[in-house]
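A closer look at the structure
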Amino acid sequence: MDVITVGVDIGGTKIQAAAVRNGSVAGSHRVSTPQTGANDLVAAVGDAITKSLAETGADVEDLSAIGIGVPGAVDTAAGTVSNSPNLPGFQGADPIPLAKMVSAVAGDVAVKLDNDVRVAILGEWKRGAGRPYRNLLGVWVGTGVGGGLVLNGELYGGTGAAGEIGHTNIKPGGRVCSDGRKGHLEAYAGRGRIEAEARERVKDGQKTILFELMEKKGRTRLSSGIIATALERGDKLAEELIDDAVWALGVACASVQNLLALEAIIIGGGLGDRLGEPFVDRVARQMRPQLFVPEAPPVMLTPAFGDLSGAVGGAVLAES
Ligand SMILES: [Zn+2]
């Protein structure tokens with residue numbers, strides 16, 4: 001009999017679902033993330049699940065389990081989410097029982113939750129670019145910078161928050177990070193902090209087309225696409241900020257490599273996906289002179305599933 005699971009990647013702007021039949025993606029559906037609270041978000045997740053299943057010709061009765069990646073503090077045993085700054089309805093310290101709520105709108109099917117970046121890396125490791133390896137790091141460069149570690153063939157959790165490479169210190173006293181501390185990788189490579197730095201430099205009189213492009217697109221934030229377009233047009237400020245991001249990623253990844261002697265590093269996330277292989281190659285070149293064993297560098301990879309990594313990872317989580 002067919003085994004059908006659905007993986008869901010919940011982000012601050014979109015919810016992506018993928019229906020996986022016998023290990024392959026057979027349907028997918030994306031909806032915008034409601035900005036109006038937990039109940040509306042759960043309804044949207046239910047809708048994305050139903051529509052991704054419909055593409056496979058199956059319905060909720062055929063579904064064996066659901067796996068969800070969600071940003072914020074996730075209690076995997078309890079199936080709850082709290083402290084998720086970009087997710088309306090989940091921002092507070094009170095744990096919200098997301099797994100139970102989704103199960104209620106999806107035929108009482110079992111629902112598992114984990115952190116969004118860990119789930120995306122699980123997907124790439126089990127089904128995507130990371131399949132050949134037992135020791136790897138995933139670095140997800142998006143609004144923030146998240147990460148996940150696979151060590152000796154297991155997703156490593158440590159005492160809880162292992163893999164948070166975004167908050168490793170690469171420059172003591174450097175730029176301010178989203179958590180208020182200074183000099184972290186995310187302060188240089190996270191899209192949110194790149195935007196904050198760009199706004200500061202514009203105030204200081206530096207010229208850029210970044211915000212012009214943003215307004216033309218009717219946006220209020222710098223997206224990965226806007227940054228990529230500015231780079232393509234030779235925008236000096238965008239180039240400087242991405243040079244800094246490459247430098248910061250190189251420092252952080254080289255340090256991790258020297259500590260753990262990994263087989264591979266996957267660089268993904270919104271900005272990582274959008275800038276793609278040339279960006280990852282630049283990070284690899286930046287790392288090289290800092291490697292203790294330069295003749296055995298890690299294989300540097302881009303995600304096989306692009307922005308579907310998280311949803312595929314959710315399906316893998318559901319099968320586990
Ligand atoms: Zn930080």
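Residues numbered from 1 in each chain as written. Predicted model: local features only at pLDDT ≥ 70, side-chain atom pairs only at ≥ 80, totals over all residues. Heavy atoms only, no water.

1. Considering the pairing of strand S1 (residues 4-10)
Among the seven residues in S1, seven count as buried, and that is most of the element. Residue alternation in S1 divides its side chains into two sets, Ile 4, Val 6, Val 8 and Ile 10 and Thr 5, Gly 7 and Asp 9, and both sets are buried. Here seven bridges tie S1 to strand S2 (residues 14-21), and the two strands are oriented antiparallel to one another. For Val 8, the partnering residue across the bridge sits in S2 and is Ala 17. Remark: three residues form the turn of the hairpin made by S1 and S2, two consecutive strands paired antiparallel. Judged from the six bridges that link them, S1 and strand S4 (residues 63-70) form a sheet pairing that is parallel. Residue Ile 4 lies in a different strand from S4, and its bridge partner there is Leu 63. (Buried < 20%, exposed > 50% of the residue type's maximum accessible area, 1.4 Å probe, protein only. Helix = DSSP H or I, 4+ residues; strand = E, 2+ residues; numbered from the N terminus. Pairing = 2+ DSSP bridges.)

2. Here's the deal with the domain arrangement of the protein chain
Assigned domains within the protein chain: domain 1 (4-121 + 309-319) and domain 2 (131-303). Computed over C-alpha atoms only, the centres of domain 1 and domain 2 are separated by 26 Å. Summed over both partners, the interface of domain 1 with domain 2 buries about 710 Å², with 68% contributed by carbon and sulfur atoms. On the domain 1 side of the interface with domain 2, the three residues burying the most area are Val 117, Arg 118 and Ile 121, jointly 78% of the side's total. (Domains from an automatic or database assignment. Buried area = accessible area lost by both parts, 1.4 Å probe.)

3. Thoughts on the side chain of Asp 116
Inspection of the secondary structure assignment puts Asp 116 in helix H3 (residues 116-127). Lacking a salt bridge, the buried Asp 116 has Arg 118 as its closest oppositely charged neighbour, with an N-O distance of 8.9 Å. Once you skip the residues sitting within four places of it in the chain, Asp 116 turns out to touch Asp 9, Gly 69, Val 70 and Pro 71. (Lys, Arg positive; Asp, Glu negative; His and termini not counted. Salt bridge = Lys/Arg side-chain N within 4 Å of Asp/Glu carboxyl O. Contact = heavy atoms within 4.5 Å.)

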